[in-house]
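Tertiary structure, described
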Amino acid sequence: MGKVIGRLQVLTDLDAPLHPLDVVNAAVAAGAPVIQIRAKALDDRALLALSEAIVARCRETGATCLIDDRVDIALACGADGVHLGDRDLPVAVARRLLGPAAIIGATARDPESGQALVRAGADYLGVGPTYATTTKDGLPDPIGPSGVAAVAAAVEVPVIAIAGISLARVPEVMATGAHGVAVVGAVSRADDPRQATVDLLAAIEAGR
């Protein structure tokens, strides 16, 4: 059996009103299959402590836990894998460090880079920015649903669309052939993160 890549990734957000662990508790209680820990502003010890707590919660619920960028933190806290950007360790290096069982995702914005990352060993691709977003600075221009579709058509691994994805945009994104979506504000900044997760999962399932 191959690695199971969940269709909804919920990313943590240090700037959200709720503590990341509270958001994670709500999301996994609602059935979120994947949590990605993004906490760039934390020092290493604080990031490790947060990651250990979230990994423990994911273990209790069967959710997959990935660490954004940091292969060392993923190793230290026993996470299921990492998501790597273009300035992080190369996929092949992360694979050597984490081993064959780890889930390694990588960021792509066009078919050529996506295919290269898959050849290097990426298990899935995070594709975007799909839409404009305020939760991460310094991103390139959005590629739109058509850009996501182009990558999805060019690779055999799951494509997870990311950036600016709201509940209302899920049908349009799923119509591209994407495997699923990754969200930040749609859950972390929702009035009710648990219900937001339920609604997103239903919309993803309806769009398959």
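Residues numbered from 1 in each chain as written. Predicted model: local features only at pLDDT ≥ 70, side-chain atom pairs only at ≥ 80, totals over all residues. Heavy atoms only, no water.

Here's the deal with the overall build of the protein
Definition in use: Secondary structure elements follow DSSP: runs of H or I no shorter than four residues count as helices, runs of E no shorter than two count as strands, and numbering proceeds from the N terminus. What the globule rule says is 2.2 Å times the number of residues to the power 0.38, and the radius of gyration is computed from C-alpha atoms. Exposure categories follow from relative accessible area, calculated using a 1.4 Å probe and restricted to protein chains: below 20% of the type maximum is buried, above 50% is exposed, and the middle band is partly exposed. By definition in these notes, contact holds between two residues if any of their heavy atoms fall within 4.5 Å. Counting rule for charge: Lys and Arg are taken as positive, Asp and Glu as negative, and neither His nor the chain ends is counted. Charged side chains are reduced to one point each, which is NZ for Lys, CZ for Arg, CG for Asp and CD for Glu.
Within the protein one finds nine helices and eight strands. On C-alpha atoms alone, the protein measures out to a radius of gyration of 15 Å, which is about the 17 Å that the 2.2 N^0.38 rule sets for 208 residues. With 208 residues in all, the protein has 49% of them scored as buried. Across the protein, the fraction of contacts at a sequence separation of at least 24, relative to all contacts at a separation of at least 6, is 57%. Taking the average location of the 18 positive side-chain charges in the protein and that of its 24 negative ones, the two points are 4 Å from each other.

Thoughts on helix H5 (residues 111-120)
Worth spelling out the cut-off: Counted as a polar contact is a pair of N or O atoms within 3.5 Å, where, for protein atoms, one must be capable of donating a hydrogen and the other of accepting one, and residues adjacent in sequence contribute only when both atoms are in side chains.
Capping of H5 at its N-terminal end is provided by Asp110; its side-chain oxygen lies 3.1 Å from the backbone amide nitrogen of Glu112. Gly121 lies just past H5 and shows a positive phi near 120 degrees.

So, helix H6 (residues 144-154)
Stated formally: Throughout, the arc means that of the directions going from the helix axis to the C-beta atoms.
Turning to H6, its buried residues number three or more, namely Gly144, Pro145, Gly147, Val148, Val151 and Ala152. Within H6, the buried residues cover an arc of 160 degrees as seen down the axis, which keeps them to one side. Opposite the packed face of H6, turned more than 90 degrees from it, sit the exposed residues Ser146 and Ala153. Of the surrounding elements, those touching the buried residues of H6 are H5, strand E6 (124-127), strand E7 (159-162) and helix H7 (170-174).

A word on the pattern of salt bridges
Think of it this way: side chains of opposite charge can pair up when their charged atoms draw near. This is how the line gets drawn: The working definition used for a salt bridge is a side-chain nitrogen of Lys or Arg within 4 Å of a carboxyl oxygen of Asp or Glu.
This structure, assessed with the given rule, holds 11 salt bridges. Among the ionic pairs, Lys3 bridges to Asp123, the shortest N-O distance being 3.2 Å. Note that Lys3 is positioned in the segment before strand E1 (8-11) and Asp123 in the loop between H5 and E6, a separation of 120 residues in sequence. According to the relative accessible area criterion, Lys3 is partly exposed, its value standing at 35%. A salt bridge links Lys40 to Asp69; the shortest N-O distance between them is 2.4 Å. In this pair, Lys40 is assigned in the loop between strand E2 (34-37) and helix H2 (44-61) and Asp69 in the loop between strand E3 (64-68) and helix H3 (71-77), connecting sequence segments 29 residues apart. Each of Arg38, Lys40, Asp68 and Asp69 takes part in a single network of salt bridges with overlapping partners.

Points about the packing of helix H1 (residues 20-29) against H2
Here is the rule: The convention used is that axes are lines fitted to C-alpha atoms, helices contributing only their stretch in contact, and that angles between N-to-C directions extend from 0 to 180 degrees. Under this scheme an angle from 65 to 115 degrees is roughly perpendicular, one under 35 degrees roughly parallel, and one over 145 degrees roughly antiparallel; angles in between are oblique. For this scheme, ten residues count as nonpolar: Ala, Val, Leu, Ile, Met, Phe, Trp, Tyr, Cys and Pro. Four count as charged, namely Asp, Glu, Lys and Arg, and the remainder, Gly too, count as polar.
Interaxial distance between H1 and H2 falls to 10 Å at its minimum, and their mutual angle equals 10 degrees. Taken together, H1 and H2 sit at an angle that is classed as roughly parallel. For the pair H1 and H2, contact is made by Pro20, Leu21, Val24, Asn25 and Val28 and by Leu50, Ala53, Ile54, Arg57 and Thr61, respectively. A class-by-class count of the residues in the contact of H1 with H2 yields seven nonpolar, two polar and one charged.

Some remarks on the pairing of strand E4 (residues 81-84)
Operational definition: Whether a crossover is right-handed comes down to one check: with the strands pointing away from the viewer, does the path from the first strand over the helix to the second run clockwise; if it does, it is right-handed.
By the alternation rule, side chains of E4 split into Gly81 and His83 and Val82 and Leu84, which are all buried. In this fold, E3 hands off to H3, which returns the chain to E4; that crossover is right-handed. Once the chain exits E4 it traverses helix H4 (residues 91-98) before rejoining the sheet at strand E5 (residues 103-108), and the crossover so formed is right-handed.

Considerations on the sheet that holds strand E8 (residues 180-183)
Here is the rule: If DSSP finds at least two bridges between two strands, the strands pair.
On the basis of which strands lie adjacent, the closed barrel formed by eight strands has the order E1-E2-E3-E4-E5-E6-E7-E8 and parallel pairing. On average, each strand axis in the sheet is inclined to that of its neighbour by 25 degrees, with strand direction left out of account. Here E2 runs beside E3; their pairing, made up of four bridges, is parallel. Paired with Ile37 across the bridge in E3 is Ile67. Against the sheet, H2 contacts E2 and E3, and its axis sits at roughly 175 degrees relative to E2. Helix-sheet contacts for H5 involve E5 and E6, and the interaxial angle to E5 is about 160 degrees.

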